[in-house]
Amino acid sequence: ALGVIHEVEVNTKDGSKAEVAARADGTLVYVETVQKPSEDVPKAPVRAAVEAAVPGAQITAVEVKDGPNLHEYRVKATLEGQQAEHVFVFDKSDQLTARYMRFPAKIELPVQ
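These notes cover the structure that comes with them.

Reading the values: the criteria
Residues numbered from 1 in each chain as written. Predicted model: local features only at pLDDT ≥ 70, side-chain atom pairs only at ≥ 80, totals over all residues. Heavy atoms only, no water. Pairing = 2+ DSSP bridges. Helix = DSSP H or I, 4+ residues; strand = E, 2+ residues; numbered from the N terminus. Axes fitted to C-alpha atoms, helices over the stretch in contact; angles between N-to-C directions. Contact = heavy atoms within 4.5 Å. Phe/Tyr/Trp six-rings, centres within 6.5 Å; stacked < 30°, edge-to-face > 60°. Buried < 20%, exposed > 50% of the residue type's maximum accessible area, 1.4 Å probe, protein only. Polar contact = N/O pair within 3.5 Å; in protein donor to acceptor, adjacent residues only side chain to side chain. Salt bridge = Lys/Arg side-chain N within 4 Å of Asp/Glu carboxyl O. Core = buried A, V, L, I, M, F, W, Y, C linked by side-chain atoms within 4.5 Å.

## Remarks on the sheet that holds strand β5 (residues 70–78)
Phase 1: Strand order in the open sheet formed by seven strands is β1-β2-β3-β4-β5-β6-β7, and the pairing between neighbours is antiparallel. Whereas interior strands pair on both sides, the edge strands pair on one side only; in this sheet they are β1 (6–11) and β7 (96–102). Averaged over neighbouring strand pairs, the angle between their axes works out to 20 degrees when direction is ignored.
Phase 2: Of the strand pairs in this sheet, β1 and strand β2 (residues 17–22) are connected by six bridges, and their pairing is antiparallel. By the bridge assignment, E7 is partnered in β2 with A21.
Phase 3: Of the strands in this sheet, β4 (58–67), β5, β6 (85–91) and β7 touch helix α1 (residues 44–53), which is tilted by about 140 degrees from β6.

As structure tokens, then:
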């Protein structure tokens, strides 16, 4: 748990987007960047772990969080015909540390 952090989204010089997270006193927690999936992104062991867990999944995004006490990356993948998103979290040694799924949802709340 990172506690309370403040996030700011910024545009970098090369036109990509990044997110900077800091504590209220300005201490940097992490910088998050998004890498476009390619043959080399994510690394081969990570790609193999995603494929083994969800055969046929297409990697849609790789988010890298890097900071003084944090280095992880999240690989997002989908299967054709499914709306769920598979999310895999890896540490700097390419070890899987968490895995979860995101589902789109409609929530109905009564209104007065």
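From this point on, the discussion continues.
## Quick look at unusual backbone geometry
Phase 1: A cis geometry characterises the amide bond from V41 onward to P42, with omega recorded as -5 degrees.
Phase 2: Position of P42 relative to the elements: it lies in the loop between β3 (28–35) and α1.
Phase 3: In the Ramachandran plot, D94 falls in the positive-phi region, its phi being about 65 degrees despite a non-glycine side chain.

## Brief notes about the packing of aromatic side chains
Phase 1: The full count for this structure, using the stated rule, is one aromatic pair.
Phase 2: Ring geometry for Y73 versus F90: centroids 5.7 Å apart, planes at 20 degrees, classification stacked. Of this pair, Y73 sits in strand β5 while F90 sits in strand β6, placing them 17 residues apart in sequence.
Phase 3: A relative accessible area of 7% means that Y73 is categorised as buried.

## Overview of the side chain of D94
Phase 1: Looking at where D94 falls in the secondary structure, it is placed in the loop between β6 and β7.
Phase 2: Of the residues examined, D94 reaches a relative accessible area of 18% and is grouped as buried.
Phase 3: Of the polar contacts made by the side chain of D94, one reaches the side chain of K43; its length is 3.1 Å.
Phase 4: Apart from residues no more than four positions distant in its own chain, D94 is found in contact with K43, P45, V46 and Y73.

## A closer look at the pattern of salt bridges
Phase 1: Taken as a whole and assessed by the stated rule, the structure comprises five salt bridges.
Phase 2: Of the charged contacts, one joins K43 and D94 as a salt bridge, the two residues approaching to 3.1 Å between their closest N and O atoms. Placement of K43 in the loop between β3 and α1 and of D94 in the loop between β6 and β7 is noted, with a sequence separation of 51 residues between them.
Phase 3: For K43, a relative accessible area of 41% corresponds to the partly exposed category.

## Remarks on the nonpolar core
Grouped burial of nonpolar side chains is what soluble globular proteins tend to show.
Phase 1: Counting residues in hydrophobic clusters, the biggest one holds 13 residues, and the most contacted among them are V50, I59, V62, Y73, V75, F88 and F90.
Phase 2: When contributions to this core are tallied by element, the ones reaching two or more residues are α1, β4, β5 and β6.
Phase 3: Not counting residues up to four positions away in its chain, the partners in contact with F90 are V46, A49, V50, H71, E72, Y73, V75, Q95, L96 and T97.

From the geometry alone we can't say anything about function, so treat these as descriptive.
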